[in-house]
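Chain by chain, the residues:
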2 protein chains.
Amino acid sequence: MSMSVRRVFFVSDHTGITVETLGRGLLSQFDHIEFVRETLPFVDDASKVEAALARITAAAAEDGVRPVVISSLADPALRDRLARAPALVMDVFDRFLPPLQAELGTPPAGAVGRLHGVGGAYGSRIDAVNFALAHDDGLGQRLHQADVVLIGVSRCGKTPTCLYLALQYGLYAANVPLTAEDFERGRLPSALDVVRAKLFGLSIRPERLHQIREERRPGSSYAALATCQREVQAAEALFRRLDIPYLDSTNMSVEEIASSLVHRQGLRPRL
Amino acid sequence: MSMSVRRVFFVSDHTGITVETLGRGLLSQFDHIEFVRETLPFVDDASKVEAALARITAAAAEDGVRPVVISSLADPALRDRLARAPALVMDVFDRFLPPLQAELGTPPAGAVGRLHGVGGAYGSRIDAVNFALAHDDGLGQRLHQADVVLIGVSRCGKTPTCLYLALQYGLYAANVPLTAEDFERGRLPSALDVVRAKLFGLSIRPERLHQIREERRPGSSYAALATCQREVQAAEALFRRLDIPYLDSTNMSVEEIASSLVHRQGLRPRL
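Residues numbered from 1 in each chain as written. Chains lettered and ligands numbered in written order. Predicted model: local features only at pLDDT ≥ 70, side-chain atom pairs only at ≥ 80, totals over all residues. Heavy atoms only, no water.

**Q** It is not clear to me how the interface of chain A and chain B should be interpreted in this structure. Could you clarify?
**A** Think of interface size as the accessible area that goes away when the parts come together; that is how it is often given. Tallying the contact residues gives 74 residues for chain A and 74 residues for chain B. Seen at the junction of chain A and chain B, the total is 6 salt bridges. Note that A:Glu103 is salt-bridged to B:Arg6, the shortest N-O span being 3.0 Å. At the boundary of chain A and chain B, one finds 15 residue pairs in polar contact (both at pLDDT 80 or more). Put simply, the parts of the chain that give the side of chain A that touches chain B at least two residues each are α1 (17–27), β2 (34–40), β3 (68–72), β4 (88–91), α4 (92–104), α5 (119–134), α6 (158–169) and α10 (254–265) of chain A. Ranked by residues supplied to the side of chain A that touches chain B, first place goes to α4(A) with 10 residues. Split by residue class, the side of chain A that touches chain B holds 39 nonpolar, 22 polar and 13 charged. (Contact = heavy atoms within 4.5 Å. Salt bridge = Lys/Arg side-chain N within 4 Å of Asp/Glu carboxyl O. Polar contact = N/O pair within 3.5 Å; in protein donor to acceptor, adjacent residues only side chain to side chain. Helix = DSSP H or I, 4+ residues; strand = E, 2+ residues; numbered from the N terminus. Nonpolar A, V, L, I, M, F, W, Y, C, P; charged D, E, K, R; others polar.)

Encoded structure:
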């Protein structure tokens, strides 16, 4: 393995998802180096730390260059053990807790698992996913209970956004498609009257919508660029006329859309 | 606002989801302090940093105690501006980049947005969500394309887990329920023959399953504790006999289940 390839381990006493995401951001700053990543999740006792150490030590010997370890271990004793790895070990708690402790004037608890509540959050997240599934594509009987109702033309990204809002924020998100009939009438479906203040529009560039629809129904009038242009134009005109906030999802990832929406609408996450 | 309540700002040049999660872990170490949190996402230019500074400065004046700011700003110039806030400002890049740069012997790029690719990842995530929705609860025609197929009794958490695997990892996850008929025959549904190596079982404690089913169909035989006990016992016996890996989801959050599964099955995220 040459000097321009580096092994990176993400070690966590929990899922490792946060350190992976954090690490991805940090490593992308060094884009001429090729990183080989490995996640070691649920490292929450001494024996699992020893197993992680063995894995990292073997990689160091194999590569001839020390790996980078980005870790998140709440227990200081486990952090101390991991720090003995033949690697650059950087732990989230080591980096952030000392200044935080000094600022707050009180010592941290140092307990594992404290980070990650289960109970209530679990239930409400499942409830939110069930709500999103039951209120997808105009379905469902409890629209009035939604925290937000996404509207937009078919295939503009409403469903994944609703599911992400449910899974990440525990929000009750419904979605209702806008159709040719709505555009002809120049009005929203009347079912939306009760949730007027919760509406949020999703738009998309017609060229992208055309691509997406073509994959689903090649050569159809539904997928034709002219149809996509007409629908998107009509939807945006409706959003503007009725003063419904909206955004163009074309170049956004699902989490970018969800986060923007939460922020712009001032929604309070239920988790 | 008394000394035992602290304002915390999560400032990000992107969605803020990672710093929120990171911050939640750190702050939970100080559980006798009440934190009032606020996320300021998409702070990606000088004017947005100034707006964030104004918000933080106002909070500091109002509270009479300086806020805590946990931030993730890739652009060093923006970090420098934010550091002028009357607050304890801790940036992810400031904390991790210097040692990483020294280790790698090369300077970071310092570009905003570099952290967060859109293009390909976006498409494959949407594709994965569509796959999960199309292959929920035994449906779908492309089971052979799944990366993993979850099996288990009704309401044990299969659907949210599949959606999380799709949204977080871009994995193609299907799920198929195990029913009384399968247990009587003592065999898996034959549709699963082609994905034998991709099967993963989800189990749950009967008491919890009873609670969940009671919420959906109160007083039904489907929800009765005896039914839940019988089904769970039969499902676990089947998993063991057929040597199908499985886990008990009772005390796990959706992301814990997903992360465990990815790790135990050695799945490679598609994102």
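**Q** Sorry, what's going on with the confidence of the model for chain A here?
**A** Residue and element names in this part refer to chain A. Averaged over all residues, the pLDDT of chain A equals 90, while 94% of them reach at least 70. The least confident element of chain A, judged by mean pLDDT, is α5 at 76; the most confident is strand β5 (residues 148–152) at 98. For residues 113–121, every residue scores under 50 in pLDDT, and the model assigns this stretch 18 contacts once sequence neighbours within four places are set aside. (pLDDT = per-residue confidence, 0-100.)

**Q** How should the sheet that holds β2(A) be read in this particular structure?
**A** By way of backbone hydrogen bonds, the strands of a sheet pair with one another, either parallel or antiparallel. Residue and element names in this part refer to chain A. Strand order in the open sheet made by the 4 strands is β2-β1-β3-β4, with parallel pairing throughout. Because the sheet does not close on itself, it has two edges, and the strands there are β2 and β4. Direction aside, neighbouring strands of the sheet carry axes that sit 20° apart on average. Note that strand β1 (residues 5–12) and β3 share 5 bridges and pair parallel. If you follow Ser-12 over to β3, its bridge partner there is Ser-72. In the packing of α1 onto the sheet, contacts are made with β1, β2 and β3, and the angle to β1 comes to roughly 150°. Lying on the sheet, helix α2 (residues 46–63) is in contact with β1, β2 and β3; it crosses β1 at an angle near 175°. (Pairing = 2+ DSSP bridges. Axes fitted to C-alpha atoms, helices over the stretch in contact; angles between N-to-C directions.)

**Q** When you look at the relation of the copies chain A and chain B in this model, what are you seeing that I'm missing?
**A** Copy one and copy two of the chain differ by a rotation about a common axis and a shift along it. The transformation that overlays chain A on chain B combines an axial shift of 0.0 Å with a rotation of 180°, and the residual RMSD is 0.1 Å. What the superposition gives is, in effect, a two-fold axis relating one chain to the other. Looking at the interface residues of chain A, 100% of them are also at the interface in chain B, so both copies use one shared face. (Least-squares fit on C-alpha atoms with pLDDT ≥ 70 in both.)

**Q** How should I be thinking about unusual backbone geometry in this particular structure?
**A** Across the chain, the bulk of peptide bonds are trans and the bulk of non-glycine residues have phi less than zero. Residues and elements named next belong to chain B. A positive phi is found at Phe-42, a non-glycine position, where the angle reads about 55°. For Phe-42, the position within the fold is in the loop between β2 (34–40) and α2 (46–63). Backbone geometry at Arg-155 places phi at a positive 75°, although glycine is not the residue there. Inspection of the secondary structure assignment puts Arg-155 in the loop between β5 (148–152) and α6 (158–169).

**Q** Where do I start with the nonpolar core in this structure?
**A** Proteins that are soluble and globular tend to have nonpolar side chains buried together. Ranked by internal contacts, the top residues of the largest apolar core, which has 102 residues, are A:Val149, A:Ile151, B:Val149 and B:Ile151. The contacts of A:Ile151, once residues within four sequence positions are left out, are A:Lys158, A:Val176, A:Leu178, A:Leu188, A:Leu192, A:Leu199, A:Phe200, A:Gly201, A:Leu202, A:Phe239 and A:Ile244. (Core = buried A, V, L, I, M, F, W, Y, C linked by side-chain atoms within 4.5 Å. Buried < 20%, exposed > 50% of the residue type's maximum accessible area, 1.4 Å probe, protein only.)

**Q** Explain the sheet that holds β2(B) to me, please; I cannot follow it from the model alone.
**A** Residues and elements named next belong to chain B. Reading across from one edge, β2-β1-β3-β4 is the order of the 4 strands in this open sheet, with parallel pairing throughout. Both outer strands of the open sheet, β2 and β4 (88–91), are each paired with one neighbouring strand and no more. Adjacent strand axes in the sheet meet at a mean angle of 20°, parallel and antiparallel pairs treated alike. Packed onto the sheet, helix α1 (residues 17–27) meets β1 (5–12), β2 and β3 (68–72) and runs at close to 150° relative to β1. Contacting β1, β2 and β3, α2 crosses the sheet at an angle of about 175° to β1.

**Q** What should I look at first to understand the UniProt feature "binding site: ADP" (unreviewed entry) in chain A in this one?
**A** All names here are of chain A. The sites that carry the UniProt feature "binding site: ADP" (unreviewed entry) are, in the present numbering, Gly-152, Val-153, Ser-154, Arg-155, Cys-156, Gly-157, Lys-158 and Thr-159. Mapped onto the fold, Val-153 is located in the loop between β5 and α6. If we ignore the near neighbours within four places in the chain, the residues touching Val-153 are Lys-158, Leu-178, Phe-183, Leu-209, Arg-213, Glu-231, Val-232 and Ala-235. Residues within four places of Cys-156 in sequence aside, it is in contact with Leu-202, Ile-204, Leu-209 and Ser-249. (UniProt positions renumbered as here; feature names shortened; annotations may be inferred.)

**Q** Even after reading the chapter, I still don't get the domain arrangement of chain A, so can you show me in this structure?
**A** On domain assignment, one finds that chain A holds domain 1 (5–104) and domain 2 (119–265). Distance between the C-alpha centres of domain 1 of chain A and domain 2 of chain A: 39 Å. (Domains from an automatic or database assignment.)

**Q** What exactly am I supposed to notice about the packing of α4(A) against α1(B) here?
**A** Each packed pair of helices is defined by two parameters, the angle between the axes and the distance between the axes. One way to put it is that α4(A) packs onto α1(B) with a least axis distance of 10 Å and a crossing angle of 60°. On the basis of their axis angle, the class for α4(A) and α1(B) is oblique. Here α4(A) runs over α1(B); the crossing is right-handed. Mapping the contact onto sequence places A:Val92, A:Phe93, A:Phe96, A:Leu97 and A:Leu100 in α4(A) and B:Leu22, B:Gly25, B:Leu26 and B:Leu27 in α1(B). Split into classes, the residues belonging to the contact of α4(A) with α1(B) amount to 8 nonpolar, 1 polar and no charged. (Parallel < 35°, antiparallel > 145°, perpendicular 65-115°, else oblique. Left-handed = near helix turned anticlockwise from the far one by under 90°.)

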